[in-house]
Amino acid sequence: MTQHAILKMGDPRLLRVAQPVVQFDTDELHLLISDMLDTMAAANGAGLAAPQIGVDLQVVIFGTDAPNPRYPSAPLVPRTVLINPAITPLNPVEGGIMPALEDGWEGCLSVPGMRGVVPRYARIRYSGFDQYGDPIEREVDGFHARVVQHECDHLMGILYPMRIRDFTQFGFTEVLFPGEEIVDD
Ligand code: NI
């Protein structure tokens, strides 16, 4: 078990554009992913990107095998290791003209104790590779699509507050949701 400190907003390492992984199935990559899984589990995170532990590589993990205490009502997202990802927005309706955005609350382990409403594509296709170099391609919507977009933003140096359009819907979790049990954030 190796848990790393999670960098917080203000650290310039969170603003870098991450480098692609060029070699798969290496001891180094497996160790990084094992450390990321330990770090995410310890923080009850919905996802984690390598830059959040100071590693400048295009690696994200997300999802759980059990409901997340931070998002108890969220649909289950399968545990996924996604490397060198690409995202394509999709039309939520057949024949639609534009990929639709939908608003939803987000938090981030690098912005502890806060929540904000962020517009994200409602439906996306994402692709990339797992740690063995095997390709991944999925079409997803809703919370799953939101988590993937949030994590992949970290690889471009974007934190969710940079995406907020309505700052009346950004604040401290304990103030916005006073009844909600805050597990860890
Ligand atoms: Ni985040």
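Preceding this paragraph is the structure being described.
Let us look at the structure shown here. The shown structure was predicted, so the numbers you read here are calculated from the model rather than taken from an experiment.

Definitions and cut-offs
Residues numbered from 1 in each chain as written. Predicted model: local features only at pLDDT ≥ 70, side-chain atom pairs only at ≥ 80, totals over all residues. Heavy atoms only, no water. Phe/Tyr/Trp six-rings, centres within 6.5 Å; stacked < 30°, edge-to-face > 60°. Helix = DSSP H or I, 4+ residues; strand = E, 2+ residues; numbered from the N terminus. Buried < 20%, exposed > 50% of the residue type's maximum accessible area, 1.4 Å probe, protein only. Polar contact = N/O pair within 3.5 Å; in protein donor to acceptor, adjacent residues only side chain to side chain. Contact = heavy atoms within 4.5 Å. Donors = N, O, S within 2.8 Å, 3.2 Å for Na, K, Ca; no water. Pairing = 2+ DSSP bridges. Axes fitted to C-alpha atoms, helices over the stretch in contact; angles between N-to-C directions. Salt bridge = Lys/Arg side-chain N within 4 Å of Asp/Glu carboxyl O.

**Describing the packing of aromatic side chains**
Aromatic ring pairs are described here by two measures, namely the spacing of the ring centres and the angle between the planes. Tallied over the entire structure, the rule returns five aromatic pairs. Measuring from centroid to centroid gives 6.2 Å for Y160 and F170, while their planes differ by 80 degrees, and the two rings are edge-to-face. You can see Y160 sitting in the loop between α2 (142-154) and β8 (170-172) and its partner F170 sitting in strand β8, a full ten residues away along the chain. Note on Y160: relative accessible area 1%, which makes it buried. With a centroid separation of 6.0 Å and an interplanar angle of 80 degrees, the aromatic rings of F167 and F170 are classed as edge-to-face. Classification of F170 as partly exposed rests on a relative accessible area of 24%.

**Quick word on the side chain of H150**
Among the structural elements, H150 can be located in helix α2. Residue classification places H150 among the buried positions, given a relative accessible area of 8%. A polar contact of 3.3 Å, which involves the side chain of H150, links it to the side chain of H154. Those residues within four positions of H150 in sequence are excluded, and the remaining contacts are E106, G107, C108, R120 and Y160.

**Some words on the coordination of the nickel ion**
Around the nickel ion, the protein supplies C108 (SG), H150 (NE2) and H154 (NE2) as donor atoms, at distances of 2.1 to 2.3 Å. One chain supplies every donor to the nickel ion, and in sequence these donors are spaced C-x41-H-x3-H. Taken together, the residues span about one helical turn, with H150 and H154 both in helix α2 at a distance of four residues. You can call H154 buried: its relative accessible area is 1%.

**Considerations on the side chain of Q58**
Counting through the fold element by element, Q58 comes out in the loop between β1 (47-49) and β2 (59-62). A polar contact is formed between the side chain of Q58 and the backbone oxygen of A18, at a distance of 3.1 Å. Sequence-distant contacts of Q58, defined by excluding residues within four places in its chain, comprise A18, Q19, P20, V21, L82, I83, N84, P85 and L155.

**Notes on the sheet that holds β2**
Here five strands make up an open sheet; going across it, the order is β1-β2-β3-β6-β7 and the pairing antiparallel. The open sheet is flanked by β1 and β7 (135-141), the only strands paired with a single partner. Averaged over all pairs of adjacent strands, the angle between their axes in this sheet comes to 35 degrees, without regard to strand direction. By the bridge criterion, four bridges tie β2 to strand β3 (residues 80-89) in an arrangement that is antiparallel. What sits directly across from F62, in β3, is T80.

**Concerning the pattern of salt bridges**
Scanning the entire structure with this criterion turns up nine salt bridges. Between R125 and E139 there is a salt bridge whose closest N-O contact spans 3.2 Å. In this pair, R125 is assigned in strand β6 (residues 123-129) and E139 in strand β7, connecting sequence segments 14 residues apart. Judged by relative accessible area, which is 28%, R125 ranks as partly exposed.

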